[in-house]
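Here's the letter readout for the chains.
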Amino acid sequence: KNIFILLLLLTCVVLMGIAGLLYWVPYVGFANIYHGLPVIMAIVFSSVVLFLICGGLTLVFTIVRGKNLFFNRRIRGVVIRFLFPLLILVGKCVGISRDRVRRAFITINNQLVFVEARRVRPEKLLILLPHCIQFHDCDVRITGNVENCKACGRCKIKNLVRLSQEYCVSISVATGGSVARRIVVEKRPDMIIAVACERELTDGIQDTYPIPVYGILNNRPFGPCYDTDVDLELVEEGMNAF
């Protein structure tokens, strides 16, 4: 949260600086066109900057208070579509790694999704898993149907299938972003609980908007994309919440 708020405030400062520069550069020329034009442009740019600052502060208050403010769903859209790419750029300029910014983004997205508190029918909730959570030497193909799992216990697929059956929710495994998007189109869920790495989660949250995505980072004891793991308690907490 602290990283996200810091980057958000830095972005507001950068936007103010850009707006000031855009006003100052043509200032002399505006006065020659019409003596009142500099004042008009000042009002226009000030209004834009004020709007951006108010939006940023509203998001900060939502994050800090953990409560739904007047247009929270719109805020989530602004964060996903516009602010996140800016935060990546600002983070790079101040030496914060892309993955740290992504983790901050996932945390804030989850909080905003929780604040919305959308309840869905079990059949409209989708659990979306990465293929790397399956044991690397398993011969069973589960990408088409997770229930093909033989429940050998060498990975968490067995436990996740049990959870999906217990709660009567849909569960799918994706081998990549394009497959995940196809699954979402086919299943047409109202809510997604997604397990993946930072990059896949942030891409998925952006690609599936406005469908709310609650993101859970996978554990990578053997490195990325190889016998990854997931905290089952976090998955079940998400299922209970939505």
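Scroll up to find the structure this text is about.
No experiment lies behind these values; they were computed from the predicted model shown.

Undergrad: Can you walk me through the pattern of salt bridges in this structure?
TA: It is possible for side chains of opposite charge to pair when their charged atoms get near one another. Tallying each qualifying case throughout the model produces ten salt bridges. The partner of Arg102 in a salt bridge is Asp99, with the nearest N and O atoms 3.2 Å apart. Here the residue Arg102 and the residue Asp99 both occupy positions in helix α5 (residues 98–116), the gap between them amounting to three residues, near one helical turn. Exposure remark for Arg102: the relative accessible area of 13% places this residue in the buried category. Note that Arg199 and Asp203 form a salt bridge whose closest N and O atoms lie 4.0 Å from each other. Within this pair, Arg199 and its partner Asp203 are both found in helix α8 (residues 198–208), separated by four residues, close to a single helical turn. Judged by its relative accessible area of 43%, Arg199 is partly exposed. Classification of Asp203 by relative accessible area gives partly exposed; the value is 30%. Linked by salt bridges that have partners in common, Arg103, Glu198 and Arg220 make up one network.

Undergrad: Sorry if this is basic, but what is going on with the nonpolar core here?
TA: Side chains that are nonpolar tend, in soluble globular proteins, to be buried together. Counting residues in hydrophobic clusters, the biggest one holds 34 residues, and the most contacted among them are Phe4, Leu59, Val79, Val101, Phe105, Leu128 and Ile192. Put simply, the parts of the chain that give this core at least two residues each are α1 (2–24), α3 (37–65), α4 (72–93), α5, β1 (125–130), α7 (177–187), β3 (191–196) and α8. Here the element with the most residues in this core is α4; it accounts for seven residues. Apart from the residues within four sequence positions on either side, Leu128 is in contact with Ser172, Ala174, Ala180, Ile183, Val184, Ile192, Ile193, Ala194 and Val195.

Undergrad: Looking at this structure, how should I read the environment of Thr175?
TA: Assignment of secondary structure puts Thr175 in the loop between β2 (170–174) and α7. Placed 32 residues apart in sequence, Thr175 and Thr143 show a C-alpha to C-alpha distance of 7.4 Å. If we skip the residues at most four places from it in the chain, Thr175 touches His131 and Thr143.

Thresholds, definitions, all that
- Residues numbered from 1 in each chain as written.
- Predicted model: local features only at pLDDT ≥ 70, side-chain atom pairs only at ≥ 80, totals over all residues.
- Heavy atoms only, no water.
- Salt bridge = Lys/Arg side-chain N within 4 Å of Asp/Glu carboxyl O.
- Helix = DSSP H or I, 4+ residues; strand = E, 2+ residues; numbered from the N terminus.
- Buried < 20%, exposed > 50% of the residue type's maximum accessible area, 1.4 Å probe, protein only.
- Core = buried A, V, L, I, M, F, W, Y, C linked by side-chain atoms within 4.5 Å.
- Contact = heavy atoms within 4.5 Å.

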